[in-house]
Amino acid sequence: MSHTLGIRQAQKQKTRQALLDAALGLLEEQSLSSLGLREVTRAVGVAPTAFYRHFRSTEDLGVALVEEALGSLHPMIRQTVAPADSGQRITRAVELIAHHVDTYPAHVRFIARERHGGVQPVRQAIREQLARFAEEVKAELAKDPESDGWNGEDLLMLAHLYVDQMLITASLFMEASEATESAEMSGEERERVTQLATRQMRLISVGRRHWLG
């Protein structure tokens, strides 16, 4: 009996993931607010009623996509601000973000579009994940000697600036990739985006050094 239940559970998880993957593919060309569950189930090859065994609505599916796209990023976000001098930290952050965009372009595109999209539960789920990122970045920044004298409110404000800049950097790499006719950015275009993103993060770093001055 337990073996049968295990097979059923594995099949259920496989179908759920197939629905998420199909939705993510369809969302390359449209927003979540215009996505119909019949489109998703047709892409997977299951009956529309099967959708409700996994998600209450397309909004619920969108929230699950947010968790898939952002939930696994917490270790990477902490790594981008792990103790190091500011130059090393910025270089590491830009490299990690570029790599993530290369590896998960559809997830990055989905978050960029839906962060200010028309589906409130999804916007809220993104806000909650970004708030968690900011708290984690704040905890890492608090370890810096440079943070001596900073109060918690100001550290959290700085953390939000870094998180927002990480999203901007991801968008820069994504837009550059979409603008090129080849499958990948040219080395020259990647270097241009890297330099711009690095300068933007340095500006935050310079402001940090003079905040208490």
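Predicted, not measured: the structure shown is a model, and the values here were computed from it.

Rules and cut-offs
- Residues numbered from 1 in each chain as written.
- Predicted model: local features only at pLDDT ≥ 70, side-chain atom pairs only at ≥ 80, totals over all residues.
- Heavy atoms only, no water.
- Helix = DSSP H or I, 4+ residues; strand = E, 2+ residues; numbered from the N terminus.
- Contact = heavy atoms within 4.5 Å.
- Areas by Shrake-Rupley, 256 points an atom, 1.4 Å probe, with all protein chains shown as cover.
- Lys, Arg positive; Asp, Glu negative; His and termini not counted.
- Charge placed at Lys NZ, Arg CZ, Asp CG, Glu CD.
- Core = buried A, V, L, I, M, F, W, Y, C linked by side-chain atoms within 4.5 Å.
- Buried < 20%, exposed > 50% of the residue type's maximum accessible area, 1.4 Å probe, protein only.
- Expected span 1.5 Å × (residues − 1).
- Salt bridge = Lys/Arg side-chain N within 4 Å of Asp/Glu carboxyl O.
- Axes fitted to C-alpha atoms, helices over the stretch in contact; angles between N-to-C directions.
- Parallel < 35°, antiparallel > 145°, perpendicular 65-115°, else oblique.
- Left-handed = near helix turned anticlockwise from the far one by under 90°.
- Nonpolar A, V, L, I, M, F, W, Y, C, P; charged D, E, K, R; others polar.
- Patch = residues over 30% accessible without salt bridge, like charges linked within 9 Å, V, L, I, M, F, W, Y side chains within 5 Å.
- Phe/Tyr/Trp six-rings, centres within 6.5 Å; stacked < 30°, edge-to-face > 60°.

Student: Which residues make up the overall build of the protein chain, and what values go with them?
Tutor: Helix and strand counts for the protein chain come out as 10 helices and 0 strands. Listed by position from the N terminus, the elements making up the protein chain come as α-α-α-α-α-α-α-α-α-α. Counted over contacts in the protein chain with a minimum sequence separation of 6, partners at least 24 positions apart contribute 65%. With the model as given, the accessible surface of the protein chain reaches about 11900 Å², and the carbon-plus-sulfur share is 53%. If the 25 positive side-chain charges of the protein chain are averaged to one point and the 29 negative ones to another, these points end up 6 Å apart.

Student: I'd like a rundown of the side chain of aspartate 60, residues and numbers included.
Tutor: In this structure, aspartate 60 sits in helix H4 (residues 58-70). Discounting chain neighbours no more than four positions away, the residues touching aspartate 60 are His54 and Phe55.

Student: Report on the nonpolar core, specifying residues and quantitative values.
Tutor: The biggest cluster of nonpolar side chains holds 58 residues, and the ones touching the most others in it are Leu61, Leu65, Val66, Phe110 and Val137. With 11 residues, the single largest contributor to this core is helix H9 (residues 152-179). Discounting chain neighbours no more than four positions away, the residues touching leucine 65 are Leu20, Ala23, Leu24, Leu27 and Phe110.

Student: Go over H4 with me, naming the residues and quoting the values.
Tutor: Look at H4: 18 Å from first C-alpha to last across 13 residues, which is about the 18 Å you get at 1.5 Å a residue. Within the span of H4, buried status applies to Thr58, Asp60, Leu61, Gly62, Ala64, Leu65, Val66, Ala69 and Leu70.

Student: Which residues make up the pattern of salt bridges, and what are the values?
Tutor: Enumeration according to the criterion identifies 10 salt bridges in this entry. When the shortest N-O distance is used, the salt bridge between aspartate 144 and arginine 208 registers 3.2 Å. With aspartate 144 in the loop between helix H8 (120-141) and H9 and arginine 208 in helix H10 (residues 187-210), this residue pair connects regions lying 64 residues apart in the sequence. Two residues, arginine 192 and glutamate 189, come together in a salt bridge whose shortest N-O distance is 2.8 Å. Pair noted here: arginine 192 and glutamate 189 are both in helix H10, with a separation of 3 residues, about one helical turn.

Student: Describe in detail H10, supporting the description with residues and values.
Tutor: Over its 24 residues, H10 extends 35 Å from the first C-alpha to the last, a length consistent with the 34 Å expected when each residue adds 1.5 Å. Residues Val193, Ala197, Thr198, Met201, Ile204, Ser205 and Arg208 constitute the buried set of H10. Buried residues belonging to H10 abut helix H6 (86-103), H8 and H9.

Student: Just give me the short version of the environment of glutamate 153, but keep the residues and values in it.
Tutor: Within the secondary structure layout, glutamate 153 lies in helix H9. Separated by 59 residues in sequence, glutamate 153 and leucine 212 have C-alpha atoms that sit 13 Å apart.

Student: Outline the packing of H8 against H9, supporting the account with residue identities and numerical values.
Tutor: Put simply, H8 and H9 touch, their axes get as near as 8 Å, and they point 120° apart. With respect to H9, the axis of H8 lies oblique. Viewed along their axes, H8 and H9 form a crossing whose handedness is right-handed. Across from Leu130, Ala131, Phe133, Ala134, Glu135, Val137, Lys138 and Leu141 in H8, the residues of H9 making contact are Gly152, Leu155, Leu156, Leu158, Ala159, His160, Tyr162, Val163 and Leu167. Classifying every residue of the contact of H8 with H9 by side-chain character gives 13 nonpolar, 2 polar and 2 charged.

Student: Any details on the environment of glutamate 29? Residues and values, ideally.
Tutor: In this structure, glutamate 29 sits in the loop between helix H1 (2-26) and helix H2 (37-44). Linking glutamate 29 and leucine 141, residues 112 residues apart in sequence, is a C-alpha distance of 38 Å.

Student: How would you explain a nonpolar patch on the surface if you had to name every residue and give the values?
Tutor: A cluster of nonpolar residues, Met157, Leu161, Trp211 and Leu212, forms a patch on the protein surface that exposes about 400 Å² of accessible area. By the element assignment, tryptophan 211 lies in the segment after H10. Assessed through its relative accessible area of 46%, tryptophan 211 is described here as partly exposed.

Student: Outline the packing of aromatic side chains, listing residues and values.
Tutor: A full pass over the atoms with the stated rule returns 3 aromatic pairs. Pairwise contacts between aromatic rings join Phe51, Tyr52 and Phe55 into one cluster.

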